[in-house]
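# Observations on the model geometry
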Amino acid sequence: MITYIIKRLIQAVFILLLLTFIVYGVMRFVPGDPLLMYLGATDIQALSPEALDQARQELGLDQGILVQYFKWLGNVFQGDWGKSFHFKADVLLLISQRMPVTIYLGVLAFFFSSTIGISLGIIAAVRRGKWADTVATLAANTAITIPIFWLGIIMILIFGVSLGWLPIAGFTSPFDDFWLSTKKLIMPVICLMIGSMGSNARLTRTSMLEVIRQDYIRTAWSKGLKERVIILKHALKNSLIPVITVMGLQVRFIFGGAVLIEQVFAIPGMGRLLVDATFGKDYMVVQGCVLVIGIIVVLTNLIVDISYGWLDPRVRYD
Amino acid sequence: MALLTVENLKTYFHTDFGLVKAVDGVSYEINEKEIIGIVGESGCGKSVSQLSTLQLITSPPGQIVDGKVIFEGRDLLQFSANGSEMRSIRGGQIAIIFQEPMTSLNPTLSVFQQIGEMLELHLKMDKEMQRKHSIELLKQVGIPDAERRIDDYPHQFSGGMRQRVMIAMALSCNPKILIADEPTTAVDVTTQAQLLALMQNLVNQYNTSLIIVTHNLGVVARYAERIYVMYAGRIVESGTCDDIFNQPKHPYTIGLLKCVPRLDEAEGTKLVPIEGLPPNLINMPSTCAFLPRCPYSIDKCREEVWPPLKRVNGQYVSCYVDTRR
Amino acid sequence: MKQRRKRQEKFMEERPPMSGWRRFARVFFGRKVVLFGLIVLALYVLIAIFADLIAPYDYKQINLQQVLAQPSGEHLLGTDTAGRDVLSRLIYGIRPTLIVGSATILIAAVCGTILGLIAGYFGGWIQTIIMRCIDALMGFPMLLLALVIAAVLGGGMKNIIIALGVASIPTFARVMCAQTLIIKENDYIIAGRSLGFTNWHLMWNHIVPNAFPPLVILATMNIGMVILMEAGLSFLGIGIQAPDAAWGSMVSAGYNRLTSNPMLSVAPGIAIMLIVFSLNMVGDGLRDAVDPRLRGTL
């Protein structure tokens with residue numbers, strides 16, 4: 001087990017190196033002066049040609065792309081993630097301010113999308129063909145088709161503007177004012193979780209329908225167990241195995257969604273930081289965000305793979 | 001009064017290819033402490049008839065459309081399929097062992113969890129008792145090192161061992177009837193004999209009646225007192241084990257016996273397979289389903305409907321032809 | 001009891017036997033949602049083709065006399081901040097949506113299939129390199145990847161297609177690689193090798209056709225997602241921008257007029273939902289009709 005985790009961690013490091021390198025490479029394609037990766041266009045205009053040349057040499061821009069990449073990487077390990085010319089701040093500092101907000105949002109969205117989605121899927125599978133199935137399936141199918149930024153806008157219009165029940169934008173830390181924080185988070189979290197919830201429900205339904213046809217479920221019936229026990233004890237664990245796989249991938253979707261939702265609800269998180277940085281051509285920030293998001297996604301996938309063992313005793317780690 | 005009487009049971013399935021009359025008017029009975037065999041080719045409805053008695057048919061596509069299953073004076077088919085009366089019968093009064101030991105045990109629950117939950121349900125045992133009793137059961141079915149293996153998962157057992165676990169599970173609540181649905185088809189021949197001997201032993205010990213469902217006449221020959229032969233969803237012949245083996249009357253039974261090797265026959269006797277294929281159960285003609293494969297057929301077989309069972313010298317046969325001539 | 005009897009009678013009605021193609025047709029066309037999806041898709045395509053005839057106004061026509069008009073007989077969905085007719089823009093908006101959706105999937109499917117095929121067929125270090133790169137891309141949200149690529153390349157339809165296409169490659173590469181690994185174990189491939197067929201011949205004539213059904217289904221099911229991502233990028237302001245009509249940027253443009261002119265945002269959102277829903281349902285139907293076993297995997 002421990003050797004497995006170590007093996008996976010080494011793999012994860014490798015994947016992260018590749019990912020950051022790919023993004024680094026993509027950003028080098030920016031038309032124009034490669035200094036743009038480090039300085040804003042206005043800064044460049046302000047400097048004299050000699051100063052620019054000096055900056056280029058300091059940054060190693062006259063060397064190959066690999067050299068530069070590893071230079072960046074070396075700095076990252078020393079805690080120097082570069083400077084943001086747009087925000088006039090240290091990248092690591094910026095990210096550490098924004099990250100907790102997005103993680104809080106994301107964890108909530110992940111929790112609700114799994115619990116509600118899986119429950120909907122179970123209900124639909126157990127009541128297959130009945131009205132409950134029709135409603136749950138339709139809800140799930142609709143949930144995966146809603147453009148979440150649009151849903152956010154509609155919810156603002158209904159619950160924020162017309163009914164005035166919920167604040168329409170912003171973020172408050174739950175440690176400052178838990179109640180206000182929660183009220184502000186209701187709409188963003190619903191938007192963020194809705195897609196994953198739908199796909200969890202769909203997948204749980206199909207997987208559950210597959211499992212309840214298995215021989216061991218017939219055995220469970222033949223023992224005289226109640227339907228509830230059969231579903232929750234005998235079928236659920238088996239049918240969650242494929243769902244867990246997809247849940248690992250959904251961390252990506254939640255991060256992707258956070259970009260849109262933080263924009264709609266004006267939440268100061270990683271998503272907005274990344275969008276602002278991308279538009280401001282603030283590439284050191286982009287590179288930093290890519291690394292952090294990559295780490296989180298890769299780590300969640302590792303957790304998912306380990307949780308297989310808990311669900312399925314047949315899985316062996318070697 | 002028999003312990004279990006099945007009357008005119010009919011179970012049909014709707015498939016993409018049409019209506020399948022898997023069980024079409026089957027009647028049989030079993031007495032206390034009796035061992036009977038139900039024999040037929042795969043697809044003849046023998047398993048479905050057993051699942052029907054416990055209402056374990058998935059609906060849709062299947063449905064029990066007619067019949068009675070009288071157990072201790074009550075018709076089980078009158079109970080709602082998954083209601084509390086039906087559930088107390090399943091596992092508690094009538095237990096069933098399935099064909100595929102590899103897939104019939106839940107892969108994500110330990111053996112103890114799977115046996116224990118039955119003891120808790122039907123015998124209301126607490127966890128400690130469950131454990132003691134489960135270990136006892138595993139020892140009885142011959143699983144070595146039962147104390148340790150009880151917490152293992154099914155995939156850690158071999159096929160034969162899993163079937164032993166199934167037997168332990170089925171007998172755990174001391175049922176009145178044990179249905180063994182092709183219990184030994186998926187295991188090798190040596191294990192087969194051991195498992196059958198084990199089952200015979202245990203049902204004697206527990207005073208349980210045993211229904212052995214199989215496609216192999218050889219399997220039931222040693223154990224069953226009476227035999228029912230099924231073909232295409234119906235019983236075509238029934239009688240005591242001796243009668244069936246010594247004086248088979250239905251052409252199908254005769255054919256079956258000719259393809260089983262026997263020790264009491266002269267050396268050099270050839271095994272003869274039954275010609276043709278088992279019938280397609282969709283849109284069957286109303287005449288005898290064995291007709292296309294029957295070497296004894298007469299004109300009457302082609303003109304009249306499938307004959308009902310009729311008594312001939314203590315046996316029941318559904319055939320127009322007197323095959324003794 | 002009477003009800004039970006009735007149920008039984010209904011059950012007993014004979015149904016005719018069915019061939020493979022008829023089974024496909026029954027499963028595929030038998031479901032109302034699939035039928036609904038097909039009809040909506042057909043309508044969208046027809047509207048896109050005949051947009052010039054159907055649209056009541058020129059979608060780029062600025063009319064400063066009629067800025068932010070409410071829905072009326074003249075402008076069914078009102079006008080936007082530049083006085084352009086919203087309904088006309090909605091109608092013309094189908095074109096970029098369909099083009100981006102299908103072109104992106106085409107790029108992703110072709111590149112992904114080739115990469116997955118090569119990785120799965122040759123195995124070894126080739127597979128390791130390709131699939132690790134794919135894993136690296138999978139380690140990052142698709143939308144963000146597309147965002148970064150689009151930011152580097154700049155906006156416009158062509159660049160959006162490239163950005164989304166690259167971001168969607170991993171899905172196809174993974175499925176294709178898994179398919180290839182399964183198919184290449186078949187006897188006919190092994191036999192083909194011993195008969196001296198070239199790798200190219202085996203890949204193109206034997207593996208690709210066999211892996212085709214799941215790929216087509218995967219493609220159908222992913223167009224919807226691509227359309228959603230394109231709308232997201234347009235919403236963020238990096239996709240197709242006004243005066244060109246794209247639904248995502250229309251939603252975004254209406255955001256500031258939410259209270260006074262809700263239709264500006266609401267209408268394009270519904271248009272997006274309808275097409276994505278239809279595509280997903282057709283994809284589902286296709287999957288269940290072709291091969292129900294693919295359910296867990298696609």
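Residues numbered from 1 in each chain as written. Chains lettered and ligands numbered in written order. Predicted model: local features only at pLDDT ≥ 70, side-chain atom pairs only at ≥ 80, totals over all residues. Heavy atoms only, no water.

Our focus in this paragraph is the sheet that holds strand β4 (residues 62–71) of chain B. Residue and element names in this part refer to chain B. In space, the 4 strands of this open sheet follow the order β2-β1-β4-β5, with antiparallel pairing throughout. Across the chains shown, the open sheet's two edge strands, defined by having one partner strand only, are β2 (18–30) and β5 (74–75). As paired strands, strand β1 (residues 4–15) and β2 are joined by 10 bridges and run antiparallel to one another. When the sheet's bridge partners are listed, His14 is paired in β2 with Leu19. (Pairing = 2+ DSSP bridges. Helix = DSSP H or I, 4+ residues; strand = E, 2+ residues; numbered from the N terminus.)

With that settled, consider the layout of surface pockets. Residues and elements named next belong to chain C. Size it by volume and the second largest pocket reaches roughly 420 Å³. Lining the second largest pocket are 18 residues, with Ala109, Val110, Thr113, Phe212 and Leu215 sitting closest to its centre. Breaking the lining of the second largest pocket down by element, the ones donating at least two residues are α5 (86–122) and α10 (199–236). In terms of residues, the lining of the second largest pocket owes the most to one element, α10, which gives 9 residues. (1 Å grid on protein atoms, 1.4 Å probe; cavity = no way out; pocket = protein on both sides within 12 Å on 5 of 7 lines; lining within 4 Å. Points joined across faces, edges and corners; volume = space filled by probe spheres on them.)

So, on to the interface of chain C and chain A. Taken together, the contact pairs 45 residues of chain C with 49 residues of chain A. Roughly 4200 Å² is buried in total at the junction of chain C and chain A, and carbon and sulfur atoms are behind 81% of that figure. In terms of surface lost to chain A, no three residues of chain C exceed Phe140, Val152 and Met273 of chain C, which account for 14% of the buried area on that side. Here chain C is connected to chain A by 1 salt bridge. Residue Asp284 of chain C is joined to Arg202 of chain A by a salt bridge in which the shortest nitrogen-to-oxygen separation is 2.8 Å. Put simply, chain C and chain A have 5 residue pairs in polar contact (both at pLDDT 80 or more) between them. (Contact = heavy atoms within 4.5 Å. Buried area = accessible area lost by both parts, 1.4 Å probe. Salt bridge = Lys/Arg side-chain N within 4 Å of Asp/Glu carboxyl O. Polar contact = N/O pair within 3.5 Å; in protein donor to acceptor, adjacent residues only side chain to side chain.)

In the structure shown here, the tally under the stated rule is 16 aromatic pairs over all chains. Measuring from centroid to centroid gives 5.0 Å for Phe21 of chain A and Tyr69 of chain A, while their planes differ by 75°, and the two rings are edge-to-face. Of the two residues, Phe21 of chain A sits in helix α1 (residues 2–28) while Tyr69 of chain A sits in helix α4 (residues 65–77), which places them 48 residues apart along the sequence. The partly exposed category is assigned to Phe21 of chain A, whose relative accessible area is 27%. Aromatic side chains Tyr231 of chain B and Tyr252 of chain B sit 4.5 Å apart centroid to centroid with 55° between the ring planes, which places their arrangement in the tilted category. Separated by 21 residues along the polypeptide, Tyr231 of chain B in strand β9 (residues 226–231) and Tyr252 of chain B in helix α11 (residues 251–258) bring together distant segments of the chain. Comparing Tyr231 of chain B with Tyr252 of chain B shows no difference in burial state: the two are buried. Each residue in the set Phe21, Tyr24, Tyr69, Phe70 and Trp72 of chain A is aromatic and connected to the rest through ring pairs, giving one cluster. A cation over a ring is seen here: Arg149 of chain B above Phe157 of chain B, with NZ or CZ 4.1 Å from the ring centre. (Phe/Tyr/Trp six-rings, centres within 6.5 Å; stacked < 30°, edge-to-face > 60°. Buried < 20%, exposed > 50% of the residue type's maximum accessible area, 1.4 Å probe, protein only. Lys NZ or Arg CZ within 6 Å of the ring centre and 35° of its normal.)

Moving on, we get to the confidence of the model for chain C. All names here are of chain C. Mean pLDDT over chain C stands at 80; residues scoring 70 or higher make up 90%. Within chain C, no element has a lower average pLDDT than helix α1 (residues 2–12), which sits at 47, and none a higher one than α5, at 89. Per-residue pLDDT stays below 50 along residues 1–18; that stretch engages in 32 contacts with residues further than four places along the chain or on separate chains. Here the predicted complex carries an ipTM of 0.86, next to a pTM of 0.82. (pLDDT = per-residue confidence, 0-100.)

Residues and elements named next belong to chain C. A grouping of Val45, Leu46, Ile49, Phe50, Leu53 and Ile54 is seen on the molecular surface, where their side chains present a nonpolar patch of about 580 Å² in accessible area. Put simply, the parts of the chain that give the nonpolar patch at least two residues each are α3 (32–49) and α4 (51–54). Element by element, the count of residues in the nonpolar patch is highest for α3, at 3 residues. Along the polypeptide, Val45 turns up in helix α3. The partly exposed category is assigned to Val45, whose relative accessible area is 38%. (Patch = residues over 30% accessible without salt bridge, like charges linked within 9 Å, V, L, I, M, F, W, Y side chains within 5 Å. Areas by Shrake-Rupley, 256 points an atom, 1.4 Å probe, with all protein chains shown as cover.)

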